[in-house]
Amino acid sequence: MPKAGAQFDVAIADDTGSPIVGAMITIDGVVYTSGANGVARLTAPSEPGTYAVSVTFGSYVMYSTEITIDKAGGVPGFELLSLIAALGVAFILFRRRK
């Protein structure tokens, strides 16, 4: 699931898998258009929650669904950095006990 405020790509294709150029993707009132390869880069809403998404082409509503946006993490990679620091502290404490 996309994180709040993050960018993600959506590919729009027909039944044969051919990209659809110019499809309109709407999420949280913002409209995006698929490019030459049928892909549109969307920005997730800034608040976590469930949002309606619709895809239209011309006068047709091709697809409609809901997407869940997860809470944004802190600094990218911060969780890994915290884990490495915690392991380092644990290693130092373990060595001192011997």
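Residues numbered from 1 in each chain as written. Predicted model: local features only at pLDDT ≥ 70, side-chain atom pairs only at ≥ 80, totals over all residues. Heavy atoms only, no water.

Chemist: How would you sum up the overall build of the protein? Please name residues and give values.
Modeler: Looking only at helices and strands, the protein has one helix and six strands in total. Its helices and strands taken in sequence order, the protein reads β-β-β-β-β-β-α from the N to the C terminus. The 98 residues of the protein split such that 20% are buried. Contacts in the protein between residues far apart in sequence, at least 24 positions, make up 51% of those at least 6 positions apart. Summed over all atoms, the accessible surface of the protein reaches about 7,100 Å², with 61% contributed by carbon and sulfur. (Helix = DSSP H or I, 4+ residues; strand = E, 2+ residues; numbered from the N terminus. Buried < 20%, exposed > 50% of the residue type's maximum accessible area, 1.4 Å probe, protein only. Contact = heavy atoms within 4.5 Å. Areas by Shrake-Rupley, 256 points an atom, 1.4 Å probe, with all protein chains shown as cover.)

Chemist: Run through the side chain of Ser34, naming residues and quoting values.
Modeler: Here Ser34 is to be found in the loop between strand E3 (30-33) and strand E4 (39-43). For Ser34, a relative accessible area of 4% translates into the label buried. The residues contacting Ser34, other than those within four sequence positions of it, are Ile12, Ile20, Val21, Gly22, Ala23, Ile25, Val39 and Ala40.

Chemist: How would you sum up unusual backbone geometry? Please name residues and give values.
Modeler: Of note in the backbone geometry, Asp28 takes a positive phi value of approximately 55° without being a glycine. Counting through the fold element by element, Asp28 comes out in the loop between strand E2 (24-27) and E3.

Chemist: Could you give an account of the nonpolar core, naming the residues involved and the relevant values?
Modeler: Residues Ile12, Ile25, Ile27, Leu42, Ile67 and Ile69 are the most contacted members of the largest nonpolar core, which totals 16 residues. If one sorts the elements of this core by residue count, strand E5 (residues 49-57) sits on top with three residues. Sequence-distant contacts of Ile69, that is, excluding residues within four places in its chain, are made with Pro2, Lys3, Ala4, Ala44, Pro45, Glu47, Pro48, Gly49 and Tyr51. (Core = buried A, V, L, I, M, F, W, Y, C linked by side-chain atoms within 4.5 Å.)

Chemist: An account of the sheet that holds E3 is requested, with residue identities and associated values reported.
Modeler: Judged by pairing direction, the sheet is antiparallel, and its four strands sit side by side in the order E3-E2-E5-E6 without closing on themselves. In this open sheet, the two strands that pair with only one neighbour each are E3 and strand E6 (60-69). Between one strand and the next, the sheet's axes are offset by a mean angle of 20°, whatever the strand orientation. Of the pairings in the sheet, the one linking E2 to E3 comprises four bridges and is antiparallel in character. Considered in E3, the bridge of Ile27 is made with Val30. (Pairing = 2+ DSSP bridges. Axes fitted to C-alpha atoms, helices over the stretch in contact; angles between N-to-C directions.)

Chemist: Give me the lowdown on the confidence of the model for the protein, citing residues and values where you can.
Modeler: The predicted model of the protein averages 78 in pLDDT, with 73% of residues at 70 or higher. Confidence, expressed as mean pLDDT per element, reaches its minimum in the protein at helix H1 (residues 78-97) with 45 and its maximum at E3 with 96. For residues 77-83, every residue scores under 50 in pLDDT, and the model assigns this stretch two contacts once sequence neighbours within four places are set aside. (pLDDT = per-residue confidence, 0-100.)

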